[in-house]
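Here's the letter readout for the chains.
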Amino acid sequence: MPKSMGAVKQAIPAAIGGEPDVAMASSGTAKQKSTRKILPVVEGIVLVAALLAPLLLQDYLTVFATRVIILALFALSFDLVWGYAGIMSFGQALFFGSAGYGVALLARDLDITNIFLVLPAGTLIGLTFALLLGGFLLLGRHPSSVIFVSLGTLTGSYAADRLARGWYYLGGQNGIPSIAPMSLGSYEFTEGPAFYYLVLGILVVVYLLCRFLVRSQFGLALAGLRENEQRIAFFGYKAQHLKAIIFAIGGAVAGMAGSLYAFHEGFVWPNMVGVVVSTQVVLYVLFGGSGTLIGAVIGAVIVEGVSFWLSDNYRDIWPIILGVLLLLVILFRPLGLISFVLGERERVGSFGAKPKENVKENVKEDVKEKRNAP
Amino acid sequence: MANAFVAAFEILSFGAIIVLIVLGLGIIASMMGIFNFAQGEFVLLGAYITYLAYAKGLPIWAGMVAAPFVVGALGFVLEALIIRRFYAAPIVAMLGTYALGLIIRESVRGLIGGFYLTVPEPIGGSIDIGAMHISAWRFTIIIITLLVMAGCYLLLSRTNFGLRMRATLENPSLARASGISTPLMYGATFAFGSALAGLAGALIVPVFSLYADLGLRFLIQGFVAVMVGGVGSFIGPVAGAGVIGTLSAALPWIMAPVVADVLVFVLAIAFIKFRPQGLIAGKGV
């Protein structure tokens, strides 16, 4: 992967090595002050655009925008797993779709549609499936190869697709149609601005949580894992456990997105767990830029938006254009569209709490004293 | 008795089809370390070329002979233009070849629409052995598969070309120092793998008919077969393909097809988990 992230490789010893590196970290923050502005601006623009969208769009477009926001949430889950931990999950739709099926069954068979029950249930389903699959694929005596994990997740998703198609209880080819709307007391969430803002709110909360997560010490360990797994293992981290944890978190986010998607569309069908949706989410993240959370969101919005806009006139050739664009991005812009505005240093960012000024001063003085001493 | 024989023949012929499809995938994966996601689409292209020949009124045989050459040439060009950039990074290679496959698949979909187009068997009818009838074409596929397998093996193990190919793939810098043009060898290997996929597509199109997702159907089975067999050798993926093909064809006879489908994948992944090197470990032919 051409994500040369020398900065992180330097930052890893900085977190563990102790004194001499603190000075380096402080020079890092000094640099950030001058460059570290673009990301919050991009996030702000996206948020404002998302908040205003329903006011400017016609009703049917608001429904479409809601779907895009849900897919952006889904893209976020894949970005956590691939962009931050370097686990290629080609079967992310497995968690998305199984949660969708789960809440659809809850609504169909048990009449449970309360938002405070179905959303946690969907999240839990995604989490459980991700724990099971991720635990099986990632944990064990020998670390699994990247190829094995990606093919394993792909196969899992494909097998789930076949199972959903053939299992009568899950509706077979047709899936489960006409799911009752999600409810809060007597209020029912139907397509429209209310649903849109609900989903947007969830996206913002999840986004902020993810942002906190990837900028924490845990996120630093993940970045190290992505860049050089062996080194992280030598530092004493349990690399496999870290991977399994982030995989499970990704699965939980995907599950939440899947349950929202099921209620928004009103039906679930086998494609939702299958390879098509799994690769679609890979597309979003690669387009937008993996390794930045906002890149995943932007990618989902752009891919879905352009495909919606083009599909009226160019329905037949749109998938071909999409393929060509994807190939161009992989070849020439491996960091995605976001890399046009976002520098490398800012993409990597800094981790954990910022070192306090006075601590740095003390350390510098310490170092000076030590130098002067002999 | 007759039933058992028919079942055995079905299993054998499906196994042969999977072996045929996996051959090219396995050669590219083993020799170049690239999991080519576009391989399914090379199969599709082979099938499409055969269909084109049939639709234009040419003999189907002509299409089947042309398919491996056309697809092989395309593979050579694609390797030189695109695949070459991916050698250092296997995951990027997966994504890049996936994008390539998407382009090919959607182009073919645009050309044929969402239809299932049938191509007649060049050798029709059935072979009768007593009271049992087996499809002559499926029998031909088994024979051709055996011949292609033997041919590939001989090519890789006995010829000068095969030696240079293996040398390049095992130790590129030493091969270069010995005067072998490694970029040419990479291109040739990829073209060879694609040509095999084209041949597979051409041969199976009378059995499965032509539709845009034809290649995708076999891609995942093919990958699983390669992993089960073991990446790195020629014989490993073939063995894996035999196992996966036989299981996929045999299990539906003794249990519900849905369960059998999923069970094959679960068993395969579990097997790879506990034996990552595959059935046959080791490098070479």
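Residues numbered from 1 in each chain as written. Chains lettered and ligands numbered in written order. Predicted model: local features only at pLDDT ≥ 70, side-chain atom pairs only at ≥ 80, totals over all residues. Heavy atoms only, no water.

For chain B, an unreviewed UniProt entry supplies the name Branched-chain amino acid ABC transporter permease and the organism Bradyrhizobium amphicarpaeae. UniProt annotates chain B under Sequence similarities (unreviewed entry) with the comment "Belongs to the binding-protein-dependent transport system permease family. LivHM subfamily." What UniProt records for chain B under Subcellular location (unreviewed entry) is the sentence "Cell membrane". (UniProt positions renumbered as here; feature names shortened; annotations may be inferred.)

The name given to chain A in an unreviewed UniProt entry is Branched-chain amino acid ABC transporter permease, and the organism recorded there is Bradyrhizobium amphicarpaeae. Regarding chain A, the relevant UniProt record gives this comment under Subcellular location (unreviewed entry): "Cell membrane".

Caption draft 1: Region of interest: the overall build of chain A. From N to C terminus, chain A includes 16 helices and two strands. Buried positions account for 55% of the 374 residues belonging to chain A. When the accessible surface of chain A is summed, it comes to about 16,700 Å², and 65% of that surface belongs to carbon and sulfur atoms. (Helix = DSSP H or I, 4+ residues; strand = E, 2+ residues; numbered from the N terminus. Buried < 20%, exposed > 50% of the residue type's maximum accessible area, 1.4 Å probe, protein only. Areas by Shrake-Rupley, 256 points an atom, 1.4 Å probe, with all protein chains shown as cover.)

Caption draft 2: Spotlight on the UniProt feature "transmembrane region" (unreviewed entry) in chain A. Residues and elements named next belong to chain A. Following the UniProt record, the feature "transmembrane region" (unreviewed entry) maps to residues 38-57, 90-107, 114-139, 194-214, 244-263 and 317-342 here. Along residues 38-57, the helical share is 95% and the strand share 0%, with 27 Å between the first and last C-alpha atoms. Between the first and last C-alpha atoms of residues 90-107 the distance is 29 Å; the span itself is 83% helix and 0% strand.

Caption draft 3: Just the pattern of salt bridges, in detail. Residues and elements named next belong to chain B. In this structure the tally under the stated criterion is 13 salt bridges over all chains. In this structure, the salt-bridge partner of Glu 106 is Arg 109, at a minimum N-O distance of 3.0 Å. Within this pair, Glu 106 and its partner Arg 109 are both found in helix 4 (residues 90-112), separated by three residues, close to a single helical turn. Exposure remark for Arg 109: the relative accessible area of 29% places this residue in the partly exposed category. The shortest N-O distance in the salt bridge between Arg 109 and Asp 213 comes to 3.2 Å. (Salt bridge = Lys/Arg side-chain N within 4 Å of Asp/Glu carboxyl O.)

Caption draft 4: Just the packing of helix 6 (residues 115-138) of chain A against helix 11 (residues 239-265) of chain A, in detail. Residue and element names in this part refer to chain A. It is the contact of helix 6 with helix 11, at a shortest axis distance of 6 Å, that shows an interaxial angle of 145 degrees. The interaxial crossing formed by helix 6 with helix 11 has right-handed handedness. When helix 6 is examined against helix 11, the residues Val 118, Leu 119, Gly 122, Thr 123, Gly 126, Leu 127, Ala 130, Leu 131, Gly 134 and Leu 138 are found in contact with a partner set consisting of Gln 240, Lys 243, Ala 244, Phe 247, Ala 248, Gly 251, Ala 252, Gly 255, Met 256, Ser 259, Leu 260 and Phe 263. For the contact of helix 6 with helix 11, the class distribution of residues is 13 nonpolar, eight polar and one charged. (Axes fitted to C-alpha atoms, helices over the stretch in contact; angles between N-to-C directions. Left-handed = near helix turned anticlockwise from the far one by under 90°. Contact = heavy atoms within 4.5 Å. Nonpolar A, V, L, I, M, F, W, Y, C, P; charged D, E, K, R; others polar.)

Caption draft 5: Region of the structure containing the confidence of the model for chain B. Predicted confidence across chain B gives a mean pLDDT of 85, with 98% of residues reaching 70 or more. With pTM at 0.81, the complex prediction returns an ipTM value of 0.84. (pLDDT = per-residue confidence, 0-100.)

Caption draft 6: Quick peek at helix 8 (residues 193-214) of chain A. The end-to-end C-alpha distance of helix 8 of chain A is 31 Å, a good match for the 32 Å that 22 residues give at a rise of 1.5 Å each. Phe 195, Tyr 196, Leu 198, Val 199, Leu 200, Ile 202, Leu 203, Val 206, Tyr 207, Cys 210, Leu 213 and Val 214 of chain A are the residues of helix 8 of chain A that are buried. (Expected span 1.5 Å × (residues − 1).)

Caption draft 7: Expanded view of the nonpolar core. Leu 73, Leu 76 and Met 182 of chain A are the most contacted members of the largest nonpolar core, which totals 211 residues. The dominant element in this core, judged by the number of residues it contributes, is helix 1 (residues 2-32) of chain B, at 15 residues. Setting aside residues up to four positions removed in sequence, Leu 76 of chain A forms contacts with Leu 203, Val 206, Tyr 207, Cys 210, Leu 293, Ala 296 and Val 297 of chain A. (Core = buried A, V, L, I, M, F, W, Y, C linked by side-chain atoms within 4.5 Å.)

Caption draft 8: View of the UniProt feature "transmembrane region" (unreviewed entry) in chain B. All names here are of chain B. The feature "transmembrane region" (unreviewed entry), as annotated in UniProt, sits at residues 6-27, 34-54, 60-78, 85-104, 136-156, 184-212, 218-244 and 251-272 in this numbering. In residues 60-78, helix accounts for 100% and strand for 0%; the two terminal C-alpha atoms are 27 Å from one another. With 100% helix and 0% strand, residues 136-156 has end C-alpha atoms that lie 30 Å from one another.

Caption draft 9: Region of the structure containing the interface of chain A and chain B. Taken together, the 37 residues of chain A in the interface contact 33 residues of chain B. The tally of links from chain A across to chain B stands at one salt bridge. Where Arg 162 of chain A meets Asp 261 of chain B, a salt bridge forms, and the shortest distance between an N and an O atom there is 2.4 Å. There are five residue pairs in polar contact (both at pLDDT 80 or more) connecting chain A and chain B. Those elements that provide at least two residues to the side of chain A that touches chain B are helix 6, helix 7 (146-166), helix 12 (275-288) and helix 14 (318-332) of chain A. Of the residues belonging to the side of chain A that touches chain B, the class tally is 28 nonpolar, eight polar and one charged. (Polar contact = N/O pair within 3.5 Å; in protein donor to acceptor, adjacent residues only side chain to side chain.)

Caption draft 10: Representation of the pairing of strand 2 (residues 132-135) of chain B. Residue and element names in this part refer to chain B. Only one face of strand 2 is buried, namely the one carrying Met 132 and Ile 134, since none of His 133 and Ser 135 on the opposite face is buried. Bridge count between strand 1 (residues 126-129) and strand 2: four bridges; the pairing is antiparallel. Bridge pairing in strand 2 links Asp 128 to His 133. Adjacent in sequence and paired antiparallel, strand 1 and strand 2 are bridged by two residues, among which Gly 130 carries a positive phi angle near 60 degrees. (Pairing = 2+ DSSP bridges.)

Caption draft 11: Spotlight on unusual backbone geometry. For Ser 209 of chain B, which is not glycine, the phi dihedral falls at a positive 60 degrees. Considering the arrangement of structural elements, one finds Ser 209 of chain B in the loop between helix 8 (182-208) and helix 9 (214-229).

Caption draft 12: Looking closely at the packing of aromatic side chains. Taken as a whole and judged by the stated rule, the model has 18 aromatic pairs over all chains. Here Trp 167 of chain A and Tyr 169 of chain A contribute two aromatic rings whose centre-to-centre distance is 6.1 Å and whose plane-to-plane angle is 50 degrees, an arrangement assigned as tilted. Ring geometry for Phe 37 of chain B versus Tyr 98 of chain B: centroids 6.5 Å apart, planes at 80 degrees, classification edge-to-face. In this pair, Phe 37 of chain B is assigned in the loop between helix 1 and helix 2 (39-55) and Tyr 98 of chain B in helix 4, connecting sequence segments 61 residues apart. (Phe/Tyr/Trp six-rings, centres within 6.5 Å; stacked < 30°, edge-to-face > 60°.)

Caption draft 13: View of the packing of helix 4 (residues 59-84) of chain A against helix 13 (residues 293-314) of chain A. All names here are of chain A. For the pair helix 4 and helix 13, the least separation of the axes is 7 Å and the interaxial angle reads 140 degrees. With respect to helix 13, the element helix 4 is oriented oblique. As helix 4 runs across helix 13, the sense of the crossing is right-handed. In this structure, helix 4 contributes Tyr 60, Leu 61, Phe 64, Val 68, Leu 71, Ala 72, Ala 75, Leu 76, Asp 79, Leu 80 and Tyr 84 to the contact, and helix 13 contributes Leu 293, Ala 296, Val 297, Ala 300, Val 301, Glu 304, Gly 305 and Phe 308. When its residues are assigned to classes, the contact of helix 4 with helix 13 shows 16 nonpolar, one polar and two charged. (Parallel < 35°, antiparallel > 145°, perpendicular 65-115°, else oblique.)

Caption draft 14: Fine view of the confidence of the model for chain A. Residue and element names in this part refer to chain A. The share of residues in chain A with pLDDT of 70 or more is 83%, and the mean pLDDT across the chain is 78. The weakest mean pLDDT in chain A belongs to helix 1 (residues 6-17) at 40; the strongest belongs to helix 11 at 89. In the model, residues 1-34 has pLDDT below 50 throughout and makes 48 contacts with residues more than four positions away in sequence or in other chains.

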